[in-house]
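# Commentary on secondary and tertiary structure
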Amino acid sequence: MTKYQVEEIEGDTVVSSGIVVENDPMKAAEVTAGQRVSPRALQHHCFRVVDEEHAAVYEYSFVGPDGRPDPAEWMKLSDLGQPTLGHIHQGAAPDEQDNFYTCQICGQPVDMREAIASTCR
């Protein structure tokens, strides 16, 4: 496997760049593109793959239209609808003493809110 430097280019601007380890440069471009690519046909949006070990540069573009999701679309917040308004419970807060009972074996107070009850021996 060969290590390739893959750059995504939009016009004259490098949009992203990274290292991909693959068997051939076209596969490295497809991994970065997330879909099939073909040798570049003078398109505005392309992928440049550099193989520094063999001093070679390859350029690829999408086979069809860019099938990747638009970041503006998948980063939008979901419409969850109108918020559900809460309300204040009536009455006084429960007394802290209501959360305890007295163990019949040892006589110590036991907190009923604990998930695991301990037993006296």
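To be clear, the structure that these remarks concern was listed above.
Cut-offs used in this document
- The written sequence of each chain sets the order in which its residues are numbered from 1.
- Given that the model is predicted, a residue must reach a pLDDT of at least 70 before its local features are reported, and side-chain atom pairs must reach 80 or more before they are shown or counted; all residues, however, enter totals for whole chains, interfaces and linings.
- Neither water nor hydrogens contribute to the side-chain values; these are computed over all heavy atoms in the structure.
- Secondary structure elements are defined from DSSP: runs of H or I of at least 4 residues count as helices, runs of E of at least 2 residues count as strands, and each element is numbered from the N terminus.
- Accessible area is worked out with a 1.4 Å probe on protein chains only. A residue is then buried under 20% of its type maximum, exposed over 50%, and partly exposed in between.
- Should any heavy atoms of two residues lie within 4.5 Å, those residues are considered in contact.
- Strand pairing is assigned whenever DSSP detects at least two bridges linking the two strands.
- Here the aromatic set is Phe, Tyr and Trp, taking the six-membered ring for Trp, and pairing holds for ring centres within 6.5 Å; pairs whose planes are under 30 degrees apart are stacked, those over 60 apart are edge-to-face, and all others are tilted.
- Note: the arc covers the axis-to-C-beta directions of the helix.
- Angles shown run from 0 to 180 degrees and are taken between the N-to-C directions of axes, each axis being a line fitted to C-alpha atoms and, for helices, limited to the stretch in contact.

### Topic: the side chain of T2
- Mapped onto the elements, T2 comes out in strand β1 (residues 2-10).
- According to the relative accessible area criterion, T2 is buried, its value standing at 14%.
- When sequence neighbours within four positions are dropped, the list of residues in contact with T2 reads V20, V21, E22 and D51.

### Some thoughts on the pairing of β1
- Alignment of β1 against strand β2 (residues 13-22), held across nine bridges, turns out to be antiparallel. Within the sheet, the bridge partner assigned to K3 lies in β2 and is V21.
- Here β1 folds back onto β2, and the loop between the two strands holds two residues, one of which, G11, carries a positive phi near 70°.

### Some remarks on the packing of aromatic side chains
- Counted by the stated rule, this structure contains one aromatic pair.
- Geometrically, the ring pair formed by F47 and F62 is edge-to-face, given 5.3 Å between the ring centres and 90° between the ring planes. One end of the pair, F47, is in strand β4 (residues 45-51); the other, F62, is in strand β5 (residues 56-62), with 15 residues separating them in the sequence. Per residue, the accessibility class of F47 equals that of F62, and both read buried.

### Considering helix α1 (residues 25-33)
- Along α1, the residues that are buried comprise P25, A28, A29 and A33. Buried residues of α1, seen end-on, are gathered within an arc of 130° and therefore sit on one face of the element.
- Each element contacted by the buried residues of α1 is listed here: β1, β2, β3 (37-39), β4 and β5.
- Looking at the residues trailing α1, positive phi occurs at G34, about 80°.

### Quick word on the sheet that holds β4
- The sheet built from five strands is open, its strands ordered β2-β1-β4-β5-β3 with antiparallel pairing. Looking at which strands have only one partner, the edges of the open sheet turn out to be β2 and β3. Going across the sheet, the axis of each strand differs from the next one's by a mean of 30°, ignoring polarity.
- As defined by bridge partners, β4 adjoins β5 across five bridges and the pair is classed as antiparallel. Looking across to β5, one finds that R48 is bridged to E59.

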